[in-house]
Amino acid sequence: MHLVPAERAGHRTIDGHRVCDAIAAIGDPGHVRAWADRFSLLADPGRLALLLALQRAGPIAVSDLAVATGMKDTAVSQALRLLRAAGVVEGEKDGRVVRYRVVDDDTAALLKHCTAEDL
């Protein structure tokens, strides 16, 4: 049980090798926090709908996203602001229009596995 932290070394275990495997699978707490944050972004139905639309439709404007998702423009803008701050999406200005796209590879990979039939 070489991976068990000293503060937990005295706890009783059933399968010590599985405990070490589990600790190794969990890995760095910062990495776990980063994934938890990513999943929290996906946990909101509105943000998930936006991300699915962005993933499938490519660069798309706020007003078009509002029509596609049934959300108000202001709600779309607010959600995109949060997603942009998290580094998940990026906007590209084309004159007065800003088109957004998914830029985070890990999030894109997760979204790739979500189809309308799965939801």
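Residues numbered from 1 in each chain as written. Predicted model: local features only at pLDDT ≥ 70, side-chain atom pairs only at ≥ 80, totals over all residues. Heavy atoms only, no water.

Enquirer: Which residues make up the overall build of the protein chain, and what values go with them?
Expert: Looking only at helices and strands, the protein chain has six helices and three strands in total. Beginning at the N terminus, the succession of helices and strands in the protein chain can be written as α-α-α-β-α-α-β-β-α. For the protein chain, whose C-alpha radius of gyration is 20 Å, the value lies well above the compact-globule estimate of 14 Å for 119 residues. By its C-alpha atoms, the protein chain is 60 × 30 × 20 Å across when sized along the principal axes. For the protein chain, buried positions account for 26% of its 119 residues. A gap of 5 Å separates the mean positions of the 15 positive and 16 negative side-chain charges of the protein chain. (Helix = DSSP H or I, 4+ residues; strand = E, 2+ residues; numbered from the N terminus. Rg over C-alpha atoms; globule rule 2.2 N^0.38 Å. Buried < 20%, exposed > 50% of the residue type's maximum accessible area, 1.4 Å probe, protein only. Lys, Arg positive; Asp, Glu negative; His and termini not counted. Charge placed at Lys NZ, Arg CZ, Asp CG, Glu CD.)

Enquirer: Which residues make up the nonpolar core, and what values go with them?
Expert: By size, the foremost hydrophobic cluster in this structure holds 21 residues, and its most contacted members are L51, L54, L65, L80 and V89. When contributions to this core are tallied by element, the ones reaching two or more residues are α2 (29-42), α3 (45-57), α4 (62-69), α5 (73-85), β3 (97-102) and α6 (105-112). Apart from residues lying up to four places away in sequence, L80 is in contact with L54, V62, L65, V89 and Y100. (Core = buried A, V, L, I, M, F, W, Y, C linked by side-chain atoms within 4.5 Å. Contact = heavy atoms within 4.5 Å.)

Enquirer: Give a detailed account of α6, specifying residues and quantitative values.
Expert: Restricting attention to buried positions, one finds in α6 the residues T107, A108 and L111. All buried residues of α6 project into a common sector of 100° when viewed along the axis, lining one side. For α6, the exposed residues set more than 90 degrees away from the buried face come down to D105 and K112. Residues of α6 that are buried make contact with α2, α3 and β3. (Arc of directions from axis to C-beta.)

Enquirer: Could you give an account of the pattern of salt bridges, naming the residues involved and the relevant values?
Expert: Inspection of the entire model under this criterion finds five salt bridges. The partner of D106 in a salt bridge is R38, and the shortest N-O contact between them spans 3.7 Å. Here D106, found in helix α6, pairs with R38, found in helix α2; they are 68 residues apart in sequence, far enough to count as distant. With a relative accessible area of 15%, R38 lands in the buried category. The partner of R99 in a salt bridge is D94, and the shortest N-O contact between them spans 2.9 Å. Look at R99 and you get partly exposed, because its relative accessible area is 33%. Each of the salt bridges in this network shares a partner with another, and the network as a whole consists of R38, D104 and D106. (Salt bridge = Lys/Arg side-chain N within 4 Å of Asp/Glu carboxyl O.)

Take it as geometry only, folks, not as evidence of what the structure does.
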